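A structural walkthrough
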Amino acid sequence: MDSLLSEIGLMFINLFFGLYLLVILLRFLFQLVRADFYNPISQFILKATNPLLMPIRRVVPGIGGVDTSSLLLALAVQMLGALLAILISGGAIDPIKLVIWSVLLILNLFLQIYFFSLIIMVIVSWIAPQSHNPAIILIHQLLAPVTNPIRKMLPDMGGIDISPIFVFFIIMILKKVLLSFMQATYLPLALAMFI
C-alpha cells in the first residue's frame, strides 16, 4: 500500500509541477522570441505565472533582454518538485546534486518543447497549412528563430521545407548529450518521471 501511495504521489508531483514548469518555460520562451502578447494563450500564461513571478521580478532584473526571473522561478519550481519526489521515494537529499538535476531537467524540458512543437508544425503543415489557430501562431513564432537560419542555408527544394529534419537531428544530439550528463550525475529513479 505504501508503494502504491508513493507512486500516486510521484504521479501527482510530476503532473502538477511539470505542467506549471511548462507554463513558466513557455512564458520565458515567448518573451525571448517576442511572441504575440495579445494571443489568448499568451494571456493565460501571463495570468498563470504572474502571482509567483511578479515578486521575484521586483528583486531579480532582466539581463540583456532575457527574463532571468522566469528562469529563477522555473529553477525553484523544478527544485521543489524534485525535492518532494525524492522525499516521497525515500531517497537521500544532496543540495548540490538537486540543483544540478533541476538544471538538467529544465534543459530537457526546453528540448521537449521544441521537439513537440516541431511535430505539431509538421502535422499542421500537412493538414491545415493556412491555419490561424492561436496555438499554431505561437508555435510558428517560437520555432522561427530555430528553423529560419537552417532554412536560409538550405537550397531551394521546390516549396518543400526540410529544415525541421535538421532541427530534429540537432535536438536528438542534444538529448543524447543531456542524457549522458543525467547518467553521470546518477539521476534518481524518482526524478526519471520528469524526463
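Residues numbered from 1 in each chain as written. Predicted model: local features only at pLDDT ≥ 70, side-chain atom pairs only at ≥ 80, totals over all residues. Heavy atoms only, no water.

1. Let's talk about the packing of helix α4 (residues 95-127) against helix α6 (residues 163-184)
A pair of packed helices is characterised by two quantities: the angle between their axes and the separation of those axes. Here is the rule: Interaxial angles span 0 to 180 degrees and are taken between N-to-C directions of axes, which are lines fitted to C-alpha atoms, for helices over the stretch in contact. Under the DSSP-based scheme used, a helix requires at least four consecutive residues in state H or I and a strand at least two consecutive residues in state E, with every element numbered from the N terminus. Small angles under 35 degrees read as roughly parallel and large ones over 145 as roughly antiparallel, with 65 to 115 read as roughly perpendicular and the rest as oblique. Each crossing gets its handedness from the near helix: less than a right angle anticlockwise from the far helix is left-handed, clockwise is right-handed. Contact definition: two residues touch when any of their heavy atoms are within 4.5 Å. Residues are sorted three ways: Asp, Glu, Lys and Arg are charged, Ala, Val, Leu, Ile, Met, Phe, Trp, Tyr, Cys and Pro are nonpolar, and all the rest, Gly among them, are polar.
The interhelical angle for the contact between α4 and α6, taken along N-to-C directions, is 160°, at an axis separation of 10 Å. The orientation of α4 with respect to α6, classified from their angle, is roughly antiparallel. As α4 packs across α6, the resulting crossing turns out to be left-handed. Side by side, α4 and α6 meet where L104, L105, L107, N108, L111, Q112, Y114, F115, L118, I119 and V122 of the first sit next to P164, V167, F168, I171, M172, L174, K175, L178, F181 and M182 of the second. In the contact of α4 with α6, the residues fall into 18 nonpolar, two polar and one charged.

2. With respect to the pattern of salt bridges
Definition in use: Salt bridge, as used here, is a side-chain nitrogen of Lys or Arg placed within 4 Å of a carboxyl oxygen of Asp or Glu. The rule is simple: take the accessible area with a 1.4 Å probe, protein chains only, and divide by the maximum for that residue type; under 20% is buried, over 50% is exposed, in between is partly exposed.
Applying the stated criterion to the full structure yields two salt bridges. The partner of D67 in a salt bridge is R57, and the shortest N-O contact between them spans 2.6 Å. Residue D67 is located in the loop between α2 (40-59) and α3 (68-89), and its partner R57 is located in helix α2; the two are separated by ten residues in the primary sequence. On the accessibility criterion, R57 (27% relative accessible area) is partly exposed. Here D161 ties to R151 by a salt bridge, and the two come within 2.8 Å at their closest N and O atoms. In this pair, D161 sits in the loop between α5 (134-153) and α6 while R151 sits in helix α5, placing the two residues ten residues apart along the sequence. Using a relative accessible area of 36% as the deciding quantity, one classes R151 as partly exposed.

Purely spatial values, then, with no claim about function.
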